[in-house]
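Coordinate analysis (summary)
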Amino acid sequence: MSGESSDDYEDPDLVLLDRKSVTMADKDAFLPVPRVKGRYSSLCSDDELLDNDNELLGDRRSSWQDYGLSTLQGSVYLPVTGCVSSPPPRDSPSPSPSPVLKMGWLDKNPPQGSLYYQRRWVKLDVDYLRYFDNDKEVYSKRVIPTSAITGVTNVGEQKFEVVTTSRTFLFRAESDSERNEWVSVLQDFTVVHHEGSRERISSTPSYLLTPEHQGYLELRGLRSKLYTVVSGDKVFLYKNLEDYRLGIGITSIDMNVGNVKDTDRRSFDLTTPYRIFSFVADSEQQKDQWIEAMRDSIGEALSNSEVSNRIWAEPSNGFCADCSATKPEWAAINLCVVICKRCAGEHRGLGPSISKVRSLKMDRKVWTEELIQVFLTLGNERVNGFWAANVPPSEALSPASCSEDRRLFISAKYRQGKYRRYHPLYGNQKELNNALCINVQCSDVLETLCLLFCGADVNHPTGLADCPSPVSLALAHNQKLQAEFLSHNLNTELPRLEVVGLMEPQHYSPQHSVTHNGFLYKTASMARHVMERKAKEEFSRRWCTLNDGNFSYYESDKNSTPNGILKSTEIVCLAVNKPETHGFEYTFKLYSDSERLYLFGTDDPDSHKEWVKSISKAFIPSNAEALLRLGFERIGRLKYKDGLNLQSPRVGWFALVGSSLHAYLEDSEVEEEINLRKLQELSIQQENEVLVLVERGRTLYMEGERKLDFQGWCEAIQRAAGSAGDSLGLQQLTEMDIPVIVDRCIDYITQCGLTSEGIYRKSGVNSRVAALCEAFRRDARSVRLKEGEHQVDDVSNTLKRFFRESGEGLFTIEAASAWLNTPVVPDESKKISEYQLLLSRLPRVNKATLRALVNHLYCVQRFADLNQMNLHNLAIVFGPTLFQTDGKDYTAGRVVEELIEHYTDIFEVDEQQLKRQLDEITAIIKVREKLNQNSNNPASGSAGDFICTVYLEEKKETAEQHVKIPGSMTAAELTCEILDRRKITVRDKDYWSCWEVSEKDETERPLHHLERVLPILHSLGTDSHLLVKKHVAMEAMLVYLASKVDVSKHGIVKFREERSILGLGLNTGSFHDRYFILNSMCLRMYKEVRSNRPEREWQVKNLKVYLGIKKKLRPPTCWGLTVVYESEKQDKPERQQWYLCCDTQNELREWFSTFLSIQYDGNMWPVDSVPTRVSRAVDTRHGNVALIPLRGSENEMRNSVAAFTADPLGLFRDV
Ligand SMILES: [Zn+2]
């Protein structure tokens, strides 16, 4: 035993920030920028560390809090009190399963150089003595294995010592009796412990772990590295290697609540509901090893018991439902039986359409709370009351039964339903269906199970509009367990007695049974892409066989030793070339997972087809088999991540067919189809390693696990996503199935061209029109039309040219003459029905496009007094364009004229909606007119600028300033103008900003310095105003952002949604904890940290974030955000408003700054930090300010229109 006094070693407990010492006043006092760059931290040391850090003490003391508070990048879930305010919702509430022997408050002896005892929460369990900052803290400041304790002694004055081989810990209790209790329990326990393991202490101390991985790791924010050990289902942190050898640790992290995320080159985060540990490894390679080790540890922790223990809580689930083996670790989740491993193997043989087999230990994700409850409510015994009601003793299984018996029994039981208890309604389909619909409304899941497996149709239409299926009916009656059960049986094959005899077992693994052989021509395999055409001479004739999962090629059919073998499991992709790509007419490529490419050819189309089919069949697993039916040009597997799961990639099976990407994603049994031409975005990111596909509502990240096949996929997908030709259906499309080019042009003309005289008749500049057409052809999604950059007549001619040159024409070649014959129909109503009939026969895209175009032309001619393009004029222009005729006769024009004239009848337009649309356009025109007057009249200077009232620092009369706001004025310029008038000098770090303040909503938002003020002004309601004041949090936000490697954030935030009851404006709802992940694209909301599927997902660009929450909504803290979401959908603009409430001001600032940084691309504040003075010579023309944005925020437009109608003078007051 060491004779050292405790003071000698009680060195920095590397501890987690002690925030009790931090008051809110401190938090606002963190303006100075920390001097030591890069020492931002997620975990901070407390005074104990500082005590030991003498050389830094002076400086660091003053700036330390700045770090801790302004740059706490990772401490997601630590309220200011330093404890978790409420335990996060978890399936397993206790991360530490060992029973606690004793716990309580004790004073620990002061560290060196300090006089004060420190109050600590001390906990003793079988394995460890630990102490914590407080009783709510999850991570200890010290963890001492009980096996390392060699003695416990009483030292008077309520004190006692805990002695280990190297150190002594001194504690002081509140009373002698309390002290005696501690000493007694510690002594009892450690003595017992030591007697049992005495021999081991001498050689290998029993407290030594069996590490999976160990070494030094940097924990962000700590200067010295920590010795980190991954062992079993825990990660231990030690101050250094010596401490590790002595067994004295800082803390241990239970990995059953952990999540590991790769964040940067060398860094990664270990996230728990309580804290994020941000680690930095010495090298990228080491980081990967750490991540792997920690993920394994999580796997172990999860597999350890959580689900199985809960499922086994129902006693009959402790025995296999089929053979009665104990502790069954598998389940057929649709049949609701818990089964053993051997039986699970046979269940799998039935195929997922009969039995969906999942592990209680490994398939953690499938085990939702509802599913667990289903298994607890039912239980093997009750369920067997149905499935095994009539089992002859001779057929029953025992744990010792052989595989053959199991196979027969399990097939008879579930595939045939041979032993089931027949429902009284069996055979009466109608009654069964009715009974099902009635029963799902109550809680009797067992009855539902009986009904279903006796033939009730799970998809039987209920006949109710709001809940059309039994699942929705169950949900409507809040029967979540019923819904859960049904949802696993939507595609279940019902037991059928007549199916007897041999069944083909379906496996998830590739179907090795495929056999095929024949001659193929083959080139030497390559490690790169085939760039050039391969001549016939470069191919050699080979005898090829596909057998037992091996694809082999031989010199000839006489040889018995293959020249090469490719296992079907090694094949990752098969790509079919277009005919005549190479010397052989028909060729295909195989990619192996060892990055080789094999090119095969033949001149026989049938042989080619047969080989492609057979090889694909050999390497595509049966659950993705449906892909084989498709006429794909490329098929194979890739890793992917998507909104449901961003942590670790999963395997997906993909087939590319034309412009559709078909996918079978892991864990999903349904095929998904992605229309590549309707993607909102397609890009290759992260140094060509990730292909990002953004669809509405979700983002798919396809990962380049291997270079060669991934590159092939990227090229093929990009090609498929582009315009494939000039006909309408082959264009990139909007959600509404309108070619993007048409949509963008119409949109632009509506905004900027409706008053342009002779619009669509005047020609643009040919070279510019050609360039625009080309840009749209290349990638229409990337073309953004902007006023100032693009001319109205160029755009209008681009649209015309597109229609004139489109392959089939808008009316299609076959139908064109029918359309052209319609105008002669004499009877008006007959004519209209004839047009409607023709319209209904158009292909989907043509129909949608015609509708959009005629709507547009209708609007154009409504403003003919301004643009001189009346019905007739438009028809003259568009008739020949759309019918692609020479325009010599007016028949084509007549059709267009009639379409526009009878627009509302033919297209069955909602008059209200049309009126609204026209009102909006009128408003746009008025605003533009006013602005144009100003710009056309430069002599009058700023006459006619909007005059607006801006307040300085607070809204009161004396703080009022009336400012002219030219269209080009930015928030920074306005701020400067106000400060200038008030003769306020801007000091460094004074972050003067312009704010929009809403009194009604009790919110405010700092305008971005480059944001134009005028559009904001238009969107403000009467209860809102502009205010110039300092942005006190800006420094903190800048420091925080500077400390971030990538701009993203995650953590638990309280969430509340505005739900309007019956549109009466009665709001309901309350704040609930939700886990959020914010990255550069999306904000995702999860029910809890471990949830796989986000409950909600929003594109960040569609969010507007305001500080503050209406008090009426009773936010739990004063640190709230009001978030407005406005969708871009044209047909149905959507606006949601919801609320986020943070636990600390810091959290609030972190979220807010992350939002802003993403929305403004990191440009938070002007680099020179002093806003530029408004140039008096500023061009008062309005450039390309979209005064009323048409897209993206129709609400803003409506507001603006409303404001306009209510008080036009308020907006257009002349000076
Ligand atoms: Zn069994």
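What counts and what doesn't
Residues numbered from 1 in each chain as written. Predicted model: local features only at pLDDT ≥ 70, side-chain atom pairs only at ≥ 80, totals over all residues. Heavy atoms only, no water. Pairing = 2+ DSSP bridges. Helix = DSSP H or I, 4+ residues; strand = E, 2+ residues; numbered from the N terminus. Axes fitted to C-alpha atoms, helices over the stretch in contact; angles between N-to-C directions. Contact = heavy atoms within 4.5 Å. Expected span 1.5 Å × (residues − 1). Buried < 20%, exposed > 50% of the residue type's maximum accessible area, 1.4 Å probe, protein only. Arc of directions from axis to C-beta. Donors = N, O, S within 2.8 Å, 3.2 Å for Na, K, Ca; no water. Tetrahedral: all angles 85-135°; square planar, octahedral: opposite > 155°, others 65-115°. Polar contact = N/O pair within 3.5 Å; in protein donor to acceptor, adjacent residues only side chain to side chain. Parallel < 35°, antiparallel > 145°, perpendicular 65-115°, else oblique. Nonpolar A, V, L, I, M, F, W, Y, C, P; charged D, E, K, R; others polar.

Quick look at the sheet that holds strand S16 (residues 337-339)
- The strand order across the open sheet formed by three strands is S16-S15-S17, and the pairing between neighbours is antiparallel. At either end of the open sheet lies a strand with only one pairing partner, and these are S16 and strand S17 (357-359). The average undirected angle you get between the axes of adjacent strands in this sheet is 30 degrees.
- As paired strands, strand S15 (residues 330-332) and S16 are joined by three bridges and run antiparallel to one another. Bridging from a neighbouring strand, Ala331 pairs with Val338 of S16.
- Against the sheet, helix H10 (residues 341-350) contacts S15, S16 and S17, and its axis sits at roughly 120 degrees relative to S16.

Thoughts on helix H23 (residues 828-841)
- Taking 1.5 Å per residue, 14 residues should reach 20 Å; H23 reaches 20 Å between its end C-alpha atoms and fits that length.
- Those residues of H23 lying buried are Lys831, Ile832, Tyr835, Leu838 and Leu839. Seen end-on, H23 carries its buried residues on one side only, within an arc spanning 125 degrees. For H23, the exposed residues set more than 90 degrees away from the buried face come down to Ser829, Lys830 and Arg841.
- Against the buried residues of H23 lie helix H22 (813-821), helix H24 (844-862), helix H27 (891-901) and helix H28 (903-906).

Here's the deal with the sheet that holds strand S14 (residues 276-280)
- Reading across from one edge, S11-S10-S9-S8-S14-S13-S12 is the order of the seven strands in this open sheet, with antiparallel pairing throughout. Whereas interior strands pair on both sides, the edge strands pair on one side only; in this sheet they are strand S11 (251-254) and strand S12 (259-262). Pairs of neighbouring strands in the sheet enclose a mean axial angle of 35 degrees, with direction left out of account.
- Relative to S11, strand S10 (residues 234-238) runs antiparallel, the two sharing four bridges. In the sheet register, Phe236 faces S11, and the bridge partner there is Ser252.

Points about the coordination of the zinc ion
- Donor atoms from the polypeptide that bind the zinc ion are Cys320 (SG), Cys323 (SG), Cys340 (SG) and Cys343 (SG), placed at 2.2 to 2.3 Å.
- Seen from the zinc ion, its four donor atoms lie at angles of 103 to 117 degrees, and the figure they make is tetrahedral.
- In terms of primary sequence, the donors binding the zinc ion are separated according to C-x2-C-x16-C-x2-C. In this pair, Cys323 sits in the loop between helix H9 (306-311) and S15 while Cys343 sits in helix H10, placing the two residues 20 residues apart along the sequence.

Here we look at the environment of Arg120
- Position of Arg120 relative to the elements: it lies in strand S2 (residues 118-125).
- Arg120 sits in the buried class, given a relative accessible area of 4%.
- Once the C-alpha coordinates of Arg120 and Asn134 are considered, the two residues, 14 residues apart in sequence, prove to be 6.1 Å apart.

As for the environment of Glu1004
- With respect to the helices and strands, the residue Glu1004 is situated in strand S35 (residues 1003-1006).
- Overall, the relative accessible area of 21% leaves Glu1004 in the partly exposed class.
- Along the sequence, Glu1004 and Ser1024 sit 20 residues apart, while their C-alpha atoms lie 9.2 Å from each other.
- A distance of 2.9 Å separates the side chain of Glu1004 from the side chain of Lys1029, its partner in a polar contact.

As for the packing of helix H19 (residues 740-752) against H24
- In the contact formed by H19 and H24, the axes pass within 11 Å of each other and the chain directions differ by 10 degrees. As the angle between them shows, H19 and H24 are arranged roughly parallel. Facing Val742, Ile746, Ile749 and Thr750 of H19, the residues of H24 in contact are Thr849, Ala852, Leu853 and His856.
- Its residues assigned to classes, the contact of H19 with H24 comprises five nonpolar, three polar and no charged.

Function-wise, these values are silent; they only describe arrangement.
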